[in-house]
Amino acid sequence: MRSALIWLVRLCSLAAWVAAAVACMWLLGATAMARPWHEPFVWGAVAVGCAVVRVVVLWVLRSQPKDDGFTDEFWVKLRTGTLWVLVAFSSAVFAATLLTSSNAGEKLDALRDAGAEVSTATVLERQSARQELSDGVVKGYASRIVVSVPGGAERLTVHGAYTYEKPGKGTEVDVLWARSNPGLGGYVNESKDLPTLAENRWKAFQDDELGRGSLIAFIVVALIGSILTPVFTLVPAAYDLQKTAWSAPFQTVRTVLTVLVFWGWSPLMLGSQPSLLQMLAAVGSSCLVLLGHVLTSLRGFG
């Protein structure tokens with residue numbers, strides 16, 4: 001019976017690792033698609049479920065397994081390093097995804113449903129414009145414009161068109177619109193990759209301003225994680241790492257943080273409105289994962 005429980009812990013650990021990795025891969029590119037994001041939600045739920053089962057079994061066992069070939073230094077270090085690779089990757093994904101948003105509201109979804117396409121249009125008139133400021137610096141303009149699409153709509157109204165320069169009569173802009181329903185108007189945003197939005201395809205790091213920002217965030221957090229990985233894998237003794245891995249209290253803390261992160265991200269993945277606490281959990285998810293594992297790994301230093 002005890003041997004079966006030990007193997008259940010190991011299998012749950014493996015399944016949770018794989019499911020979490022797949023969920024994060026999906027999440028990394030899902031921001032190019034309209035919500036709901038069912039794939040990362042399902043894989044995330046599997047990872048959380050396996051983590052919860054694992055910690056329950058750990059409380060039943062209340063002690064680490066005896067030497068059975070998977071408790072020597074090689075396997076313990078390999079297991080710890082693999083875990084930290086996932087911690088670094090998932091933290092970087094959370095940071096990158098939060099900086100990328102493809103959702104322009106119901107209008108963009110309606111355009112997609114009507115068969116959205118991207119065309120180069122000419123501005124016929126600018127009805128209004130306001131500056132978009134960041135730290136007192138003009139970053140662009142949000143305008144109400146009327147455009148003409150060659151071979152398509154002669155007059156297409158675009159509300160909230162975001163451009164880096166103030167659009168005027170004769171200015172050419174890329175517009176997302178639906179040939180089957182020009183009455184929906186158009187969508188213009190020079191900071192976003194419109195072809196990716198139109199096709200609603202999976203794509204990590206879109207070819208736009210937000211995509212570049214998310215790539216930088218991913219690299220920065222991943223570098224932090226890559227520094228922590230060898231420190232918490234190679235420095236502690238294998239015996240101390242083994243004690244931490246099979247410690248029910250320490251693993252409970254990690255599982256609670258995992259559940260908290262999934263709970264915070266759930267409404268964002270499903271397209272519903274998150275509560276304030278859920279939004280805070282999502283925004284702080286990178287720190288929750290990194291700091292949570294750092295604090296619960298300090299025991300490994302003896």
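Before reading on, note that the structure itself is shown above.
Please read all numbers here as calculations on a predicted model, not as lab measurements. (Residues numbered from 1 in each chain as written. Predicted model: local features only at pLDDT ≥ 70, side-chain atom pairs only at ≥ 80, totals over all residues. Heavy atoms only, no water.)

Caption draft 1: Layout of a negative patch on the surface. Taken together, Glu-165, Glu-172, Asp-174 and Glu-190 make up a surface patch of like negative charges. Looking at the secondary structure, you find Glu-190 in the loop between β5 (186-187) and α5 (194-199). (Patch = residues over 30% accessible without salt bridge, like charges linked within 9 Å, V, L, I, M, F, W, Y side chains within 5 Å. Areas by Shrake-Rupley, 256 points an atom, 1.4 Å probe, with all protein chains shown as cover. Salt bridge = Lys/Arg side-chain N within 4 Å of Asp/Glu carboxyl O. Lys, Arg positive; Asp, Glu negative; His and termini not counted. Charge placed at Lys NZ, Arg CZ, Asp CG, Glu CD. Helix = DSSP H or I, 4+ residues; strand = E, 2+ residues; numbered from the N terminus.)

Caption draft 2: Spatial organisation of helix α9 (residues 276-283). Looking at α9, one finds that the buried residues are Gln-278, Ala-281 and Ala-282. Along the axis of α9, the buried positions cluster into a sector of 100°, meaning they face one direction only. In α9, those exposed residues whose orientation departs by more than 90 degrees from the buried face are Leu-276, Leu-277, Leu-280 and Val-283. On its buried face, α9 is in contact with α3 (73-98), α8 (248-270) and α10 (285-295). (Buried < 20%, exposed > 50% of the residue type's maximum accessible area, 1.4 Å probe, protein only. Arc of directions from axis to C-beta. Contact = heavy atoms within 4.5 Å.)

Caption draft 3: Just the packing of aromatic side chains, in detail. Counted by the stated rule, this structure contains nine aromatic pairs. With a centroid separation of 6.1 Å and an interplanar angle of 85°, the aromatic rings of Phe-89 and Phe-218 are classed as edge-to-face. Here Phe-89 is found in helix α3, whereas its partner Phe-218 is found in helix α6 (residues 209-234), with 129 residues between them in sequence. Through pairs of rings, three or more aromatic residues link up here, namely Trp-7, Phe-70, Phe-74 and Trp-75. (Phe/Tyr/Trp six-rings, centres within 6.5 Å; stacked < 30°, edge-to-face > 60°.)

Caption draft 4: Representation of the environment of Thr-252. With respect to the element layout, Thr-252 can be found in helix α8. Looking at Thr-252, the relative accessible area reads 24%, which means it is partly exposed. Expressed as a C-alpha distance, the spacing of Thr-252 and Arg-54, which sit 198 residues apart in the sequence, is 9.4 Å. In this structure Thr-252 touches Val-55 and Trp-59, once residues within four positions along its chain are discounted. In this structure the side chain of Thr-252 is engaged in a polar contact, spanning 2.7 Å, whose partner is the side chain of Trp-59. (Polar contact = N/O pair within 3.5 Å; in protein donor to acceptor, adjacent residues only side chain to side chain.)

Caption draft 5: Seen up close, the packing of helix α1 (residues 2-30) against α3. Running from N to C, α1 and α3 cross one another at 25°; their axes reach a closest spacing of 10 Å. When the axis of α1 is compared with that of α3, the two are roughly parallel. Like other packed secondary-structure pairs, α1 and α3 cross with a definite hand, here left-handed. Residues Trp-17, Ala-20, Ala-21, Cys-24, Met-25, Leu-27 and Leu-28 of α1 pack against Thr-82, Leu-83, Leu-86, Phe-89, Ser-90, Val-93, Phe-94, Ala-96 and Thr-97 of α3. Classifying every residue of the contact of α1 with α3 gives 13 nonpolar, three polar and no charged. (Axes fitted to C-alpha atoms, helices over the stretch in contact; angles between N-to-C directions. Parallel < 35°, antiparallel > 145°, perpendicular 65-115°, else oblique. Left-handed = near helix turned anticlockwise from the far one by under 90°. Nonpolar A, V, L, I, M, F, W, Y, C, P; charged D, E, K, R; others polar.)

Caption draft 6: Examining the environment of Trp-37 more closely. Turning to its location among the elements, Trp-37 is positioned in the loop between α1 and α2 (38-61). By relative accessible area, Trp-37 is classed as buried at 2%. Spatially, the C-alpha atoms of Trp-37 and Leu-27 are 8.0 Å apart, while their sequence positions differ by ten residues. For Trp-37, the contacting residues outside a window of four places in its chain are Leu-27, Ala-30, Thr-31, Leu-268 and Met-269. Of the polar contacts made by the side chain of Trp-37, one reaches the backbone oxygen of Ala-30; its length is 3.1 Å.

Caption draft 7: Here's a closer look at empty space enclosed by the protein. This model, assessed by the stated rule, comprises one cavity of 30 Å³ or more. What the largest cavity holds in volume is close to 50 Å³. For the largest cavity, the full set of lining residues is Leu-28, Thr-31, Ala-96, Thr-97, Thr-100, Phe-205, Gln-206 and Ser-214. Class assignment for the residues of the lining of the largest cavity results in three nonpolar, five polar and no charged. (1 Å grid on protein atoms, 1.4 Å probe; cavity = no way out; pocket = protein on both sides within 12 Å on 5 of 7 lines; lining within 4 Å. Points joined across faces, edges and corners; volume = space filled by probe spheres on them.)

Caption draft 8: Examining the pairing of strand β1 (residues 116-134) more closely. With seven bridges joining them, β1 and strand β4 (residues 172-178) adopt antiparallel strand pairing. Paired with Ser-119 across the bridge in β4 is Val-175. The pairing of β1 with strand β2 (residues 137-148) spans eleven bridges and is antiparallel. Residue pairing across strands places Val-123 opposite Val-147, the latter belonging to β2. Counted along the chain from β1 to the antiparallel partner β2, the turn is two residues long, and its residue Asp-135 has a positive phi close to 55°. (Pairing = 2+ DSSP bridges.)

Caption draft 9: Local environment of the layout of surface pockets. Volume-wise, the largest pocket comes out at about 1,400 Å³. Elements supplying a minimum of two residues to the lining of the largest pocket: α1, α2, α3, α7 (238-245), α8 and α10. For the lining of the largest pocket, the leading source of residues is α1, giving twelve residues. Looking at side-chain class alone, the lining of the largest pocket contains 32 nonpolar, 13 polar and four charged residues.

Caption draft 10: Local environment of a nonpolar patch on the surface. On the surface, a cluster of nonpolar side chains totalling about 610 Å² of accessible area is made up of Trp-7, Leu-11, Phe-70, Phe-74, Trp-75 and Leu-78. For Phe-70, a relative accessible area of 33% gives the class partly exposed.

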